[in-house]
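Each chain, letter by letter, is given below.
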Amino acid sequence: MDKGALLDRLGLTGEDRLALAKVLDKAGQAESRNIPAATDFLSPQQRAWAQDCLRLAGIPETAYVLQGGYEGAERQMILFLPDWLEPENAESPIRCLRASFREEEKPDHRDFLGSLMGLGIVREKVGDILVGPDSADLLVLDSVADFLLQSWTSAGRTKLRVTAIAPENLHIPAIQRKEVRDTVSSLRLDAVAASGFRLARGKAAALIESGKVQLNWRECVKPDKPLEAGDVVSARGFGKFELSEVGGLTRKGRISIVLQVYV
């Protein structure tokens, strides 16, 4: 199946189609030139689509690794490996930077991202932005790292001091989640989403059918889609949760579940 047919099969348009085309190009480069080839950073949804696309293209998961700069990174890149290179020996193209500022200034994620865009840095070159009380740690591609070290001096009105740091020195904020225990009539997507988003089941089903719900970062419009432990459900405006545990039946025949709701 050629590249155009693969992208057509996934039904992608616009920027997402372009991003996936670049992924396939990098896979081709690694195979034809027998050298490592890395994509830009991908959003979780783009990454899910990319893995679907690579599977359809017959490219095994052993041919590439996902890297985000730290375990659990949201935005990750795909590094395609030639046969002669083991994953543990592959050099990562990701650099870690720290932008320090006065604690009382309190710039947020939007301030940092806006200032980077103002410098002409496209979003695909920047991974996660980890904002702390007096600094923000960034994962960026090495193609833009030196420029940022030399030229990035402010985020809005906040003055910055930018330095390179080692990956082990990243300040990784704890993920804020709350545990929710509930029972559902079934493990259908609409039933579990109703619990996770605190909606009536009919409203959850309508939200799903409108294309606004993602299951494991892929759009899902089937309210009756069965879920299993480990699945992640998200919807713009409603948040995100993971179905972390599926228990047994209650005396009333309902299924016990445990959700980890991101806050």
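Before going into details, it helps to say that this report is about the structure given with it. (Residues numbered from 1 in each chain as written. Predicted model: local features only at pLDDT ≥ 70, side-chain atom pairs only at ≥ 80, totals over all residues. Heavy atoms only, no water.)

Quick look at the sheet that holds strand S1 (residues 37-38)
- The three strands lie next to each other as S1-S3-S2, forming an open sheet whose pairing is antiparallel. Lying at the two open borders of the sheet, with one neighbouring strand each, are S1 and strand S2 (64-67).
- As paired elements, S1 and strand S3 (residues 77-80) share two bridges and run antiparallel to each other. Residue pairing for S3: Ala38 is matched across the bridge by Leu79.
- With respect to the sheet, helix H2 (residues 14-33) is in contact with S1 and S3, its orientation differing from that of S3 by roughly 20°.
- Against the sheet, helix H3 (residues 44-56) makes contact with S2 and S3, and its axis sits at roughly 180° relative to S2, the strand it touches most. (Pairing = 2+ DSSP bridges. Helix = DSSP H or I, 4+ residues; strand = E, 2+ residues; numbered from the N terminus. Contact = heavy atoms within 4.5 Å. Axes fitted to C-alpha atoms, helices over the stretch in contact; angles between N-to-C directions.)

Things to note about the nonpolar core
- Among the nonpolar cores identified, the biggest contains 23 residues, and Val233 and Leu259 are the most heavily contacted of them.
- Elements represented by at least two residues in this core include exactly strand S10 (177-184), helix H6 (189-197), helix H7 (201-209), strand S11 (213-215), strand S13 (232-235), strand S14 (239-249) and strand S15 (255-262).
- Residue contributions to this core peak at six residues, all from H6.
- Apart from residues no more than four positions distant in its own chain, Leu259 is found in contact with Lys178, Glu179, Val180, Val192, Ser195, Gly196, Phe241, Glu242, Leu243 and Ser244.
- Counting 18 residues, the second largest nonpolar core, distinct from the first, contains Leu97, Val126, Ala155 and Leu160. (Core = buried A, V, L, I, M, F, W, Y, C linked by side-chain atoms within 4.5 Å. Buried < 20%, exposed > 50% of the residue type's maximum accessible area, 1.4 Å probe, protein only.)

Comments concerning the pairing of S13
- Burial along S13 is two-sided: Val232 and Ser234 and Val233 and Ala235, pointing in opposite directions, are all buried.
- Where S13 and S14 come together, four bridges link them in antiparallel fashion. Its bridge partner lying in S14, Ala235 is registered against Gly239.
- Between the end of S13 and the start of S14, which pair antiparallel, lie three residues, with Gly237 showing a positive phi angle near 90°.

Any functional reading would require information that these geometric values do not contain.
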